[in-house]
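Fold and geometry: a report
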Amino acid sequence: MKPNVFFSAAAIYLGLVGLGFLFIPGVLTFGALDGTPAIIVAELRQYGGALLGIATLNWIARNAEPSTARDGVFLGNTVGFGLVAVGGILRQLSGAVTVGWVFVVINALFAIAFLVIGRANMSNSAGK
């Protein structure tokens, strides 16, 4: 897959999830927030803001030429999606709503794809 298409897909996914956490966290968590203290809902909204920032970074990087900066965007997304997938596995094993496995799989696939596509499109200046 071409990096520009992949960065665009990741930006759209992160943008939608970010907007969901920011504006409708109760819907996005499939009712898992019922009875949750307001402070936790506020934390999810902050997380949504961070996701929108990463979505913007990916959207801008989609047209970037190979460079160490673009390599960093690939690496950052690999680490971020990977850690979110691991956290999701731990969440699901703790008894979260079953639909959460869908997001674990999506995040794991994005992590793997960022690793593979990033390595295939590494700039010549990487590692110097």
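Our subject is the structure listed above.
Calculation criteria
- Residues numbered from 1 in each chain as written.
- Predicted model: local features only at pLDDT ≥ 70, side-chain atom pairs only at ≥ 80, totals over all residues.
- Heavy atoms only, no water.
- Helix = DSSP H or I, 4+ residues; strand = E, 2+ residues; numbered from the N terminus.
- Areas by Shrake-Rupley, 256 points an atom, 1.4 Å probe, with all protein chains shown as cover.
- Expected span 1.5 Å × (residues − 1).
- Buried < 20%, exposed > 50% of the residue type's maximum accessible area, 1.4 Å probe, protein only.
- Contact = heavy atoms within 4.5 Å.
- Core = buried A, V, L, I, M, F, W, Y, C linked by side-chain atoms within 4.5 Å.
- Phe/Tyr/Trp six-rings, centres within 6.5 Å; stacked < 30°, edge-to-face > 60°.
- Patch = residues over 30% accessible without salt bridge, like charges linked within 9 Å, V, L, I, M, F, W, Y side chains within 5 Å.
- Salt bridge = Lys/Arg side-chain N within 4 Å of Asp/Glu carboxyl O.

**Points about the overall build of the protein chain**
When its secondary structure is counted, the protein chain shows five helices and zero strands. Of the accessible surface of the protein chain, which amounts to about 7500 Å², a share of 71% is contributed by carbon and sulfur atoms.

**Some words on helix α5 (residues 100-120)**
Taking 1.5 Å of rise per residue, the 21 residues of α5 would be expected to cover 30 Å, and the 30 Å separating its terminal C-alpha atoms lies within 8% of that figure. Those residues of α5 not exposed but buried are Gly100, Val104, Asn107, Phe110, Ala111, Ala113, Phe114, Ile117 and Gly118.

**Observations regarding the environment of glycine 118**
Considering the arrangement of structural elements, one finds glycine 118 in helix α5. For the pair glycine 118 and proline 3, spaced 115 residues apart in the sequence, the C-alpha separation amounts to 7.9 Å. Setting aside residues no more than four positions away along its own chain, glycine 118 makes contact with Phe74 and Ala113.

**Observations regarding helix α3 (residues 38-61)**
For α3, spanning 24 residues, the distance from its first C-alpha to its last is 35 Å, which sits close to the expected 34 Å at 1.5 Å a residue. Of all the residues in α3, the buried ones are Val41, Leu44, Gly48, Leu51, Ala55, Asn58 and Ala61.

**Here we look at the nonpolar core**
Counting residues in each nonpolar core, the largest one holds 19 residues, and the members touching the most others are Phe6, Phe7, Tyr13, Leu14, Phe81, Phe110 and Phe114. Put simply, the parts of the chain that give this core at least two residues each are α1 (3-23), α3, α4 (68-93) and α5. If you tally residues by element for this core, the top one is α1, at seven residues. Contacts of tyrosine 13, omitting those with residues within four sequence positions, involve Phe81, Phe103, Ile106, Asn107 and Phe110.

**A few points about the packing of aromatic side chains**
How two aromatic rings sit relative to each other is set out by the distance from centre to centre and by the angle between their planes. Across all of its chains, the model carries eleven aromatic pairs by this definition. Centre to centre, the rings of phenylalanine 7 and phenylalanine 114 are 5.9 Å apart; their planes meet at 50°, and the pair counts as tilted. With phenylalanine 7 in helix α1 and phenylalanine 114 in helix α5, this pair connects stretches of sequence that are 107 residues apart. The class of phenylalanine 114 is buried, set by a relative accessible area of 1%. Ring geometry for phenylalanine 81 versus phenylalanine 114: centroids 5.7 Å apart, planes at 20°, classification stacked. Of this pair, phenylalanine 81 sits in helix α4 while phenylalanine 114 sits in helix α5, placing them 33 residues apart in sequence. Three or more aromatic residues joined by ring pairs make a cluster, and in this case those are Phe6, Phe7, Tyr13, Phe74, Phe81, Phe110 and Phe114.

**Considering a nonpolar patch on the surface**
A cluster of nonpolar residues, Ile12, Leu16, Trp59 and Ile60, forms a patch on the protein surface that exposes about 450 Å² of accessible area. Only α1 and α3 provide two or more residues apiece to the nonpolar patch. Mapped onto the fold, leucine 16 is located in helix α1.

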